[in-house]
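# Coordinates in review
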Amino acid sequence: MTGRRMHPWLFLVLMIPFGVIAGYVAVTLGFQLGEAGVSVAEISALGALTTLPHTFKFFWSPLVDVTLSQKKWYMISMVLTAAAVASFGLFPATTAGLVAIGFAVTAGSVASTVVGMSVESLMAHSAAEETKGQAGGWFMGGNLGGYGIGGGLGLMIAKRVSEPWMASCSVAFLCVLCGLALPGLPSPARDIAGGGFFPRIGSSLMDLWIIVRQRRGLLALILCCLPVGVGASSNLWSVLGHEWDASPDRIAMVAGVAGGLVSAAGSIAGGFVCDRFPRQTSYLWFGIFVAQAGVALALLPRTPLMFTLCTLLFSFTTGLSWAAYSAFVLEAIGKGAAATKFSAFASLANAPLAYMAVFNGITWTKWGTTAMLLIEAGVGVLAAVLFVLAAKWFFPRAGSNPDLAGDSPDGGLSLPSCQQDSPLDPRN
């Protein structure tokens, strides 16, 4: 790496296309499909398609580590992601157009996985250990802010133009502009060099194996699988907003631009917190905050004002949660084959988004919105509690298994330490 200094806000800009595609599908297309009479379950399933490729992206992640540079991969995948977003306006937002839209969503989501991988690798090699929380916060702020751009801004434009392609192409152009931030980052040298293609792939996978054999890496891997703080119900705001008598403009604001900005602010704030408190502990606390926001939305009076306040609170707490996720993963993986290692964790972390999206569709169909929100909140809190107990009982810091020992007291999970009075005390 060159040694140039950079500010982590560049990760925010570079990650915007990654979030745009999910936001456009969940909010803009979700609203259009809802207006056309498409069911909530079908819309929720379409949203799950945006996360499905991210669940399996580990299988192609080593290519980013062993072939082209991170910057070249970014440019290629960013242009393909923008092209997919532009194509959304070419298909009718109706039941008849769902198949074509589904193919475009899947293709664009696959391209966006490489956008994420390239930025993750650049971040892992560029961010200092003491600022990985901030780097993760800005990084996730771009993801969530992009979600707001793709959703809110996309919907606002779509409602004011004569043809759907005008909105999708406008948002796609903004994705292309994000590439202008790329020269501001240093170009890291490859830690995996020499040998043929397959030996280098093997070295990448071995680097991952070394990480997951460590206590901190293994606990991080387990935590990624759990539905803590995922906030999957936010994908349905554009469909459910009418239950609070929210107008289309209000829905577009809270589920789109304003929600994206608030969640990005939560990510940046969460990143600073994660540089001052144990990162996995912070993630669990933030997941509980997300659950509380969901309970508030479910139980408070159903008015437009409460819809605005509660969904924005939900967005802020989700931003906190995902910043902590990025921070504890960065902490666990180190450098080396960063794209491969981060993608392994991210693939698992996207699984809860996918299965909770489907689960929310089922619970909404059976019991309605209130039950869906309360059940999602309860599942998140239960998962956090079970993780704390499992970490304490099965993975003690000074256990007899040498593969799970040796993490730094300041860097690993602080929850199970026998010296702590409370397993959820953020002061530790």
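What counts, and at which threshold
- Residues numbered from 1 in each chain as written.
- Predicted model: local features only at pLDDT ≥ 70, side-chain atom pairs only at ≥ 80, totals over all residues.
- Heavy atoms only, no water.
- Helix = DSSP H or I, 4+ residues; strand = E, 2+ residues; numbered from the N terminus.
- Contact = heavy atoms within 4.5 Å.
- Areas by Shrake-Rupley, 256 points an atom, 1.4 Å probe, with all protein chains shown as cover.
- Salt bridge = Lys/Arg side-chain N within 4 Å of Asp/Glu carboxyl O.
- Buried < 20%, exposed > 50% of the residue type's maximum accessible area, 1.4 Å probe, protein only.
- Core = buried A, V, L, I, M, F, W, Y, C linked by side-chain atoms within 4.5 Å.
- Axes fitted to C-alpha atoms, helices over the stretch in contact; angles between N-to-C directions.
- Parallel < 35°, antiparallel > 145°, perpendicular 65-115°, else oblique.
- Left-handed = near helix turned anticlockwise from the far one by under 90°.

## Side note on the overall build of the protein chain
Across its full length, the protein chain holds 15 helices and zero strands. Taking the intrachain contacts of the protein chain between residues at least 6 apart in sequence as the baseline, contacts between residues at least 24 apart amount to 85%. When the accessible surface of the protein chain is split by element, carbon and sulfur atoms take 70% of a total near 16300 Å².

## Re the pattern of salt bridges
Under the criterion given, the structure shown has six salt bridges. Across the salt bridge formed by Arg160 and Asp249, the nearest N and O atoms sit 3.8 Å from each other. A residue pair is termed long-range when its members are at least 10 positions apart, and Arg160 in the loop between helix H6 (132-158) and helix H7 (164-177) and Asp249 in helix H11 (residues 248-274) qualify at 89 residues. Assessed through its relative accessible area of 57%, Arg160 is described here as exposed. A salt bridge links Asp275 to Arg279, with the shortest nitrogen-to-oxygen separation between them at 2.8 Å. Note on Arg279: relative accessible area 7%, which makes it buried. Each of Lys159, Arg160 and Asp249 takes part in one network of salt bridges that share partners.

## Some points on the nonpolar core
One finds Phe88, Tyr325, Phe342 and Phe345 to be the most contacted residues of the largest nonpolar core, which totals 114 residues. Considering each element in turn, this core owes the most residues, 17 residues, to helix H1 (residues 9-35). Of all hydrophobic cores here, the second largest spans five residues; its members include Val64, Val114, Met117 and Ala339.

## Focus: the packing of H1 against helix H5 (residues 98-126)
Look at H1 against H5: their axes get within 8 Å of each other, and the N-to-C directions meet at 160 degrees. In terms of axis orientation, H1 runs roughly antiparallel to H5. For the pair H1 and H5, the sense of crossing is left-handed.

Keep in mind these numbers describe shape, not what the thing actually does.
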